[in-house]
Amino acid sequence: MFGLDPWVFWAAMAVTLFAGFVKGAIGFAMPMIMMSVFGSIMPATMALAGLILPTLVTNIGQAFRQGPAAAWESTCRFRWHIAMVGLFILVSAPLARAMPQGAMYLMLGVPISLFALWQLSGRPLALPLHHRRRAEVVSGIIGGLYGGISGIWGPPLIVLLLSMGVDKREQIRVQGVVFLLGAVVLTVAHLFTGVLNAQALAFSAVLVVPAVIGLWTGFALQDRLNVVQFRRWTLVLLVLTGGNLIRRALQLGIQA
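Structure report, in brief. Since this is a predicted model, take the numbers as computed values, not measurements. (Residues numbered from 1 in each chain as written. Predicted model: local features only at pLDDT ≥ 70, side-chain atom pairs only at ≥ 80, totals over all residues. Heavy atoms only, no water.)

Let us now look at the packing of helix 3 (residues 44-63) against helix 11 (residues 208-224). Two elements in contact, helix 3 and helix 11, have axes separated by 9 Å at closest approach and are oriented at 30°. The orientation of helix 3 with respect to helix 11, classified from their angle, is roughly parallel. For the pair helix 3 and helix 11, the sense of crossing is right-handed. Contact residues: Leu53, Pro54, Val57, Thr58, Gly61 and Gln62 in helix 3; Val208, Ala211, Val212, Leu215 and Phe219 in helix 11. Partitioned by chemical class, the residues of the contact of helix 3 with helix 11 number 8 nonpolar, 3 polar and no charged. (Axes fitted to C-alpha atoms, helices over the stretch in contact; angles between N-to-C directions. Helix = DSSP H or I, 4+ residues; strand = E, 2+ residues; numbered from the N terminus. Parallel < 35°, antiparallel > 145°, perpendicular 65-115°, else oblique. Left-handed = near helix turned anticlockwise from the far one by under 90°. Contact = heavy atoms within 4.5 Å. Nonpolar A, V, L, I, M, F, W, Y, C, P; charged D, E, K, R; others polar.)

Attention now goes to the packing of aromatic side chains. Applying the stated criterion across every chain yields a total of 6 aromatic pairs. Consider the rings of Phe9 and Trp10, whose centres lie 5.0 Å apart with planes at 75°: the pair is edge-to-face. Seen from their ring centres, Phe28 and Phe115 are 6.0 Å apart, and the 85° between their planes marks the pair as edge-to-face. Of this pair, Phe28 sits in the loop between helix 1 (6-26) and helix 2 (30-41) while Phe115 sits in helix 6 (residues 101-120); the two residues are 87 residues apart in sequence, bridging distant segments of the chain. (Phe/Tyr/Trp six-rings, centres within 6.5 Å; stacked < 30°, edge-to-face > 60°.)

Structure follows, in structure tokens:
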């Protein structure tokens, strides 16, 4: 199936369903979960390709959940961050195919683990902002550079939003808008880099189905339940999956 063993394909479907559910419930972490697990069971470029279309489609649902007007307002408000993410995804995307798998796994595993551990520690993930535009530009550059290579550009945005004290509903919508526009750029970029070849594109398209099912199920949880405890267990999962990526990076380094 798409050049993958059957068990790998069905594992990817299950992981995508869960990742979509997490995204619907808390507004982020879908590509982190997918890439963390995918990276341990398939080649890094196939893992990156697999998450692109599910990320694109689910971000449409998240960004426009309160309607186009609210989505446009968020776009205008965070235009500097969005512009930098888009620009630097284009800059870094060509590096994805040239990046050694071990280095890519390490670049993913370390930040994911640190991000989750910091959140689990109970400390506020917020920085003092003295100049909003500068903060948007810097966080957008970091997110874009990382996103073109790994498909993950959310953590810098989350730090920015928490630092600004944005309320929960707007935070989830802004994340959807930024993730959506970044996903559009990422999709286009990797159509040209060759990561999204015919086989990988078909694989990514199939994964849209469990992603959307998971997303809408997660929306139901977000609307009805307190998700604090659920978010905590999600962060525990991210620590474990990030640690697994670090293990694989070290293993590849030893083998090399």
